[in-house]
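Spelled out, the chains give:
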Amino acid sequence: MCRSHIELCVCLCVCACAIAISMAQPAYTVASDSENTGEERSSAFTEIAIGIDIGTSQCSVAYWNGSEVELLKNTRNQKIMQSYVSFRDEVPTGGVSSQLAHDHEVLSGATIFNMKRLIGRVDTDPVVHATKSLPFLVQTLDIGVRPFVAALVNNAWRSTTPEEVLAIFLVELRVMAEAQLKRPIRNVVLTIPVSFSRFQLSRIERACAMAGLHVLRLMPEPTAVALLYAQQQQHTIHDNMGSGNEKVALIFNMGAGYCDVAISATAGGVSQIKALSGSAIGGEDLLQNLMRHLLPEYDTIFSGHGLDAIKSMSSLRIETQNAIHVLSTQTNVNIDVDLGNGGRVTRLLNRKEFEDVNKMIFDQCESLVRQCLHDAKVEIEDLTDVILVGGCSSIPKLRDLVKSICRREKVYEGMNPLEAAVCGAALEGAVASGISDPFGNLDLLTIQATPLSIGIQSNGNSFVPIIMRNTTVPARKDLVFTTVHDNQTEALIVVYEGDETKIQKNHLLGYFKITGIPPLPKGIPEINVCLDIDASNVLRVLAGIVIPGNQQLVAPIMEVRMPSIDDGHGWCAEALNRAYGSTLDLITVQKKTQT
Amino acid sequence: MMQTLSFPGIPATTPLNRRFRCRAAVQSLSPATLNSSSLYEVLRVNRNASPLEIKAAYRSLAKLYHPDSAAASSSSSSSSSDGCDFIQIHNAYETLSDPSARALYDLSLGFGIGIGIGIGMTEANHNSNSPFSTPFRWETDQCW
């Protein structure tokens, strides 16, 4: 009897995102009940959530084994696995179990990777457009809907979705974990990029639900690293709550798809996230920029996704990737790649060239670090440690850049840059599952902060933030608005997330209408809009009407869980504008001062 | 005096089913969460506590009252696993850890106005638009 199937059926998720589409499930087998031994049975009494770090290009799984964090290995004894799903065979297989002979097969068009760059993004997003030069097909119609994604199977483009690909991959991870831990796995803590919008988070949760997993926490990657750091510091010094030994760490995390920065203040196992910053820049951009530098006609050759073009691009990609790795330790690298059809790139590439080609990326990294320092109101001298993690952390330019901003010679060396995030996620999994450790190893707490501001459209076409970025969560803030027309009886609340002044550049989270405002001159009725984020990071928008001088509520409060939008939301803002114009607008009454 | 709308605190749930809770009676006011009289009392420190003491107090209280912490989730007391309490603690810390905000707050205490705290106790939190509106009114309004 397969326990995981039963688990799926009793999936209680009421959230819209969790309407689980059990997909490709029967193709996978999991450890059966009979394989469970007595001990595991008892230890499974409190299910400990496992930590999963799904990176743009690599992924890993870790769990709390009762005394420490342990990384799981796949059947090929790898702790770090490639994040991809191949559609080459009848049953799609992911990088956890499949053994593709070499990188060329990953790049044959039959394999989809970089899902994390696609999930929850609409086809007008520049990040999606950057993905179009990968071997598989990403088609954009540029109208604000989910991009069309397809894999090449027997000379046909077979369509799928980023969520589906991620779910297939998660199922493989789950099967691997269940086989090794000999217990059903349901609860997980996933690490996510700082810059993910709440809509993207809801897509990640959906993919998890499709894989029969319940997301206990979604943790921004650098905050997972901060948790690991907090645990390590607690180990080294058995300090009490005394803040004399508070440690402030700057965590710089850059992988293939995203760059994140966090500043945490840690003492006595409590780490407070003081600021977060992040952007969708990563090794993938470094790689693509270098490929275009080596082969200027890259986009022309590849635009048609022809079979020959895919082959030559995959050769170039592999060679360029190797070159970047070599340039981490050497200053020069010889590039010699046969593109087929007589095309060939042969040259000597030096590190300076690589750095110049990617100057913009490095500049962006620098501004993320500076912004984070600024937001955290932390002086460089106050930093105890500078931690560099992620696949790109070995790039000399990035190391120098972070070291020079933070004015120090050395970076923290106490953690494996590729495993830090997943270890932190596993720690959070144990802590959030309520596990306690007799030696105090889990006496930890991360006080999270919101990476992006959340607010509503008001004062014409402006974004009025209600919860500012880097606000400690759980959080609850409100702001009072009023009507802009006489006898206005309805108002539209359109909720956005982001920090751009142009409202369209922020992420739409949802919208609803408040009705039943008593007909009064403009500026009299007060519409109180309250945003509530609980410890599980669930956002609720509450709105109610107050008439000055009247104790009674004139209409029931509206309470809306966000994000409430679905795919294709790129349309929504425009459609609302077309349908209502400014007839249902609001303006702010008073701006609450931030303490 | 004008009043503002109050939203009740969201009831506490255990960590595992937090996401699935359903809530009714959203209109009911819950003044019960307001039981502290000053920010110093919220943090359980003296009026003359040093910044280090305030920070330490905040940390120890966070460990007790943050919904994520093991202490809060294992405790059966509903008040300790309710995020509202932690918000109150954090807001007190925000004010008291900022020297200028703390000075202003101390000043207000000195005048005996209590920046809405006293008012919040007696008038069921309808003090958002009170003439005493200052950043500090958050400390009471957060947790209706």
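Residues numbered from 1 in each chain as written. Chains lettered and ligands numbered in written order. Predicted model: local features only at pLDDT ≥ 70, side-chain atom pairs only at ≥ 80, totals over all residues. Heavy atoms only, no water.

S.K.: Is there a simple way to explain the overall build of chain A in this structure?
M.R.: Within chain A, the secondary structure is distributed over 15 helices and 28 strands. Out of the 595 residues belonging to chain A, those deemed buried represent 60%. Counting contacts in chain A only where the partners sit at least 6 residues apart, residues at least 24 apart contribute 68% of the total. Surface exposure of chain A reaches about 23000 Å², of which carbon and sulfur atoms provide 51%. (Helix = DSSP H or I, 4+ residues; strand = E, 2+ residues; numbered from the N terminus. Buried < 20%, exposed > 50% of the residue type's maximum accessible area, 1.4 Å probe, protein only. Contact = heavy atoms within 4.5 Å. Areas by Shrake-Rupley, 256 points an atom, 1.4 Å probe, with all protein chains shown as cover.)

S.K.: Mind showing me how you'd approach the overall build of chain B here?
M.R.: If you tally the helices and strands in chain B, you get eight helices and zero strands. Moving toward the C terminus, one meets the helices and strands of chain B in the order α-α-α-α-α-α-α-α. Of all intrachain contacts in chain B linking residues separated by at least 6 positions in sequence, the fraction that spans at least 24 positions is 56%.

S.K.: Any chance you could explain the packing of aromatic side chains here in plain terms?
M.R.: By the definition in use, this model includes eight aromatic pairs over all chains. Through pairs of rings, three or more aromatic residues link up here, namely B:Tyr58, B:Phe86 and B:Tyr93. (Phe/Tyr/Trp six-rings, centres within 6.5 Å; stacked < 30°, edge-to-face > 60°.)

S.K.: Whenever I open this one, the sheet that holds strand S19 (residues 445-447) of chain A confuses me. Can you help?
M.R.: Backbone-to-backbone hydrogen bonds join strands into a sheet, with any given pair of strands oriented parallel or antiparallel. Residues and elements named next belong to chain A. A sheet is described by the order of its strands in space; here five strands give the open sequence S18-S13-S14-S15-S19, paired in mixed fashion. The sheet terminates laterally at strand S18 (385-389) and S19, the two strands that pair on one side only. Averaged over neighbouring strand pairs, the angle between their axes works out to 25° when direction is ignored. The pairing of strand S13 (residues 247-254) with S18 spans five bridges and is parallel. Directly across from Phe252, in S18, lies its bridge partner Leu388. Each of S13 and S18 is contacted by helix H13 (residues 396-405), which is oriented at about 155° to S13, the strand it contacts most. (Pairing = 2+ DSSP bridges. Axes fitted to C-alpha atoms, helices over the stretch in contact; angles between N-to-C directions.)

S.K.: Would you mind going over H13(A) with me for this structure?
M.R.: In an α-helix, one turn spans 3.6 residues, which is why side chains three or four residues apart end up on the same side. If you check which residues of H13(A) are buried, you get A:Pro396, A:Leu398, A:Leu401, A:Val402 and A:Ile405. Directly after H13(A), the chain includes A:Arg407, whose backbone phi takes a positive value near 50°.

S.K.: Teacher, can you tell me more about a nonpolar patch on the surface here?
M.R.: Residues and elements named next belong to chain A. A cluster of nonpolar residues, Leu141, Ile143 and Trp571, forms a patch on the protein surface that exposes about 310 Å² of accessible area. Considering the arrangement of structural elements, one finds Leu141 in the loop between strand S8 (137-139) and strand S9 (148-153). A residue is classified by how much of its surface remains accessible, and Leu141, at 60% relative accessible area, is exposed. (Patch = residues over 30% accessible without salt bridge, like charges linked within 9 Å, V, L, I, M, F, W, Y side chains within 5 Å. Salt bridge = Lys/Arg side-chain N within 4 Å of Asp/Glu carboxyl O.)

S.K.: Sorry, what's going on with the pairing of strand S25 (residues 526-533) of chain A here?
M.R.: Looking along a regular strand, one sees side chains alternate from face to face of the sheet. Residue and element names in this part refer to chain A. Across the eight residues of S25, eight count as buried, placing the element largely inside the fold. Bridging between strand S22 (residues 475-483) and S25 involves eight bridges; their strand directions are antiparallel. Paired with Asp478 across the bridge in S25 is Cys530. Pairing between S25 and strand S26 (residues 539-546): eight bridges, direction antiparallel. Bridged to Cys530 within S26 is Leu542.

S.K.: Where do I start with the confidence of the model for chain A in this structure?
M.R.: When pLDDT drops low, the exact placement of atoms in the prediction is not to be read closely. All names here are of chain A. Averaged over every residue, the pLDDT of chain A is 86; residues scoring 70 or more account for 89%. Low pLDDT, under 50, characterises residues 1-44; the predicted model gives this stretch 61 contacts beyond four residues in sequence or across chains. This model gives residues 591-595 a pLDDT under 50, and the stretch forms 13 contacts once residues within four places in sequence are excluded. (pLDDT = per-residue confidence, 0-100.)

S.K.: Help me understand the sheet that holds strand S24 (residues 507-514) of chain A in this model?
M.R.: All names here are of chain A. Within the open sheet, the four strands sit side by side as S21-S20-S23-S24. Their pairing is antiparallel. Each edge of the sheet is formed by a strand with only one pairing partner; in this case those strands are strand S21 (462-467) and S24. Looking at each pair of strands side by side, their axes are set apart by 30° on average, direction ignored. Pairing between strand S20 (residues 454-458) and strand S23 (residues 491-497): three bridges, direction antiparallel. The residue bridging Ile454 from the neighbouring strand is Glu497, located in S23.

S.K.: What is the right way to look at helix H8 (residues 283-294) of chain A in this model?
M.R.: Between the first and last C-alpha of H8(A) there are 16 Å, a value that for 12 residues agrees with the 16 Å anticipated at 1.5 Å per step. For H8(A), the tally of buried residues reaches nine of 12 residues, placing the bulk of the element in the interior. (Expected span 1.5 Å × (residues − 1).)

S.K.: What's the story with the confidence of the model for chain B in this structure? I'm lost.
M.R.: All names here are of chain B. Here chain B shows a mean pLDDT of 60. Residues at 70 or above account for 40%. In this model residues 10-36 is a low-confidence stretch, pLDDT under 50, and it forms 69 contacts with partners more than four residues away in sequence or in other chains. Throughout residues 75-81 the model reports pLDDT below 50, and contacts reaching past four residues in sequence, or to other chains, amount to 11 contacts.

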